[in-house]
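Coordinate analysis (summary)
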Amino acid sequence: MSLYIAKPGLYTTIQDLGRDGHRAAGLSSGGAMDPYAMRVANMLVGNDESAAGLELTLMGPTMTAATDLLVAVTGADMAPQLDGRELAMWRPVHVPAGATLTFGAARLGCRAYVAAAGGIGTPPALGSRSTDVRAAIGGIAGRPLRAGDAVPCGSAAGAAAPSAWAAAWLAALAKPRAASSIGRPATGAAWYAPPQAYGGAGPGGIELRVMPGSEYGQFTEAARTAFFSGRYRVSAASDRMGVRLEGSPLPRAERSELPSHGIVPGVVQVPDGGLPIVLGADCQTTGGYPKLAHVVSVDFPLLAQAKPGDYISFRPICLREAQRLLRIREAELRALAAAIHLRQP
């Protein structure tokens, strides 16, 4: 059971929910930049939420299924097609053996996710299948996918066997379609999981909620006011390590050099020059730049979907509110998982 890569897209990698427990040794936790989209994609094909899938960035791949697969596509809209027909997102879809999945440029958002029933069976590295390009581990040879790669899917490839729920949906969706369906979108299941995590993105850009960082007080009052009242443009130099922002520089009141210290995804660092960088999933484990703020966990999906040219603004909230929002999000995901499980073909 494999997906054969004909064209790899701009930057397609194998990711799961990350490689926890190794930051003390200098190894990034990594994992999906948009964990919400990754988790929902797995739910939609009956996988454990931590199963590995594909993360597509800005321009998606072209790939062919070696066997019948149950897949789900979530996250950014990259105009997915199945054998030339529009493929509906956020629902389970049957991909017949020999069929070709194609993705274009992201029309909305930055990263899309593809999950297949049973997950992806590349060998785990330090407890995770996530690709860490800088450490050259995980995925396939620790690198982005290339043309000619065979991405192993399901139990025959070393992952998990598709669940009984997924097998039932695959059988139901594999039944021949009526002739009247020719030319219509390859919708898969009639139901879908409406995304709940992108409410902060609108015509004015993306709003990220943040808490003060440990060096917040080292910035001038004018800098702090500008940070929350203005907006920043996402630089083309952004990647999984950090989202670089363009706009008005933010001066520090104190110019003393900081010792290197631990950092984590979501931190807003301000290096020399004053332009913020919001750290991503592949960020380094230590750094010496001052930390102005920290993006709350519930808004990580919004950060992951910010593409070059998008605008970002920031709104302050307190720790208690950030924790409340995260509890609500997790409750929504538990309810969604239960609702999906109750859907029977």
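Residues numbered from 1 in each chain as written. Predicted model: local features only at pLDDT ≥ 70, side-chain atom pairs only at ≥ 80, totals over all residues. Heavy atoms only, no water.

1. What to know about the sheet that holds strand E7 (residues 85-86)
With antiparallel pairing, six strands are arranged side by side in an open sheet as E7-E6-E9-E4-E1-E11. With one partner strand each, in any of the chains shown, E7 and strand E11 (150-152) form the two edges of the open sheet. Note that strand E1 (residues 2-7) and E11 share three bridges and pair antiparallel. Within the sheet, the bridge partner assigned to Tyr 4 lies in E11 and is Ala 150. (Pairing = 2+ DSSP bridges. Helix = DSSP H or I, 4+ residues; strand = E, 2+ residues; numbered from the N terminus.)

2. As for helix H2 (residues 164-173)
Burial in H2 covers these residues: Trp 165, Ala 166, Trp 169 and Leu 173. On an axial view of H2, the arc spanned by its buried residues comes to 95 degrees, and they lie on one face. Buried positions along H2 lie against helix H1 (35-44), strand E5 (69-77), strand E8 (93-95) and helix H5 (319-342). (Buried < 20%, exposed > 50% of the residue type's maximum accessible area, 1.4 Å probe, protein only. Arc of directions from axis to C-beta. Contact = heavy atoms within 4.5 Å.)

3. Considering the pairing of strand E3 (residues 53-57)
Here E3 lies mainly inside the structure; five of its five residues are buried. Here strand E2 (residues 13-15) pairs with E3 via three bridges, running antiparallel. From the neighbouring strand, Gln 15 faces E3, where its bridge partner is Gly 53.

4. Quick notes on the packing of H1 against H5
Where H1 meets H5, the axes come as close as 10 Å, and the angle between the chain directions of the two elements is 20 degrees. For the element pair H1 / H5, the angle class is roughly parallel. For the pair H1 and H5, the sense of crossing is right-handed. Contacts between H1 and H5 pair Tyr 36, Arg 39, Val 40, Met 43 and Leu 44 from the former with Arg 329, Glu 330, Leu 333, Leu 336, Ala 337 and Ile 340 from the latter. Looking at the contact of H1 with H5 residue by residue, the classes come out as eight nonpolar, no polar and three charged. (Axes fitted to C-alpha atoms, helices over the stretch in contact; angles between N-to-C directions. Parallel < 35°, antiparallel > 145°, perpendicular 65-115°, else oblique. Left-handed = near helix turned anticlockwise from the far one by under 90°. Nonpolar A, V, L, I, M, F, W, Y, C, P; charged D, E, K, R; others polar.)

Just distances and angles here, no functional claims.
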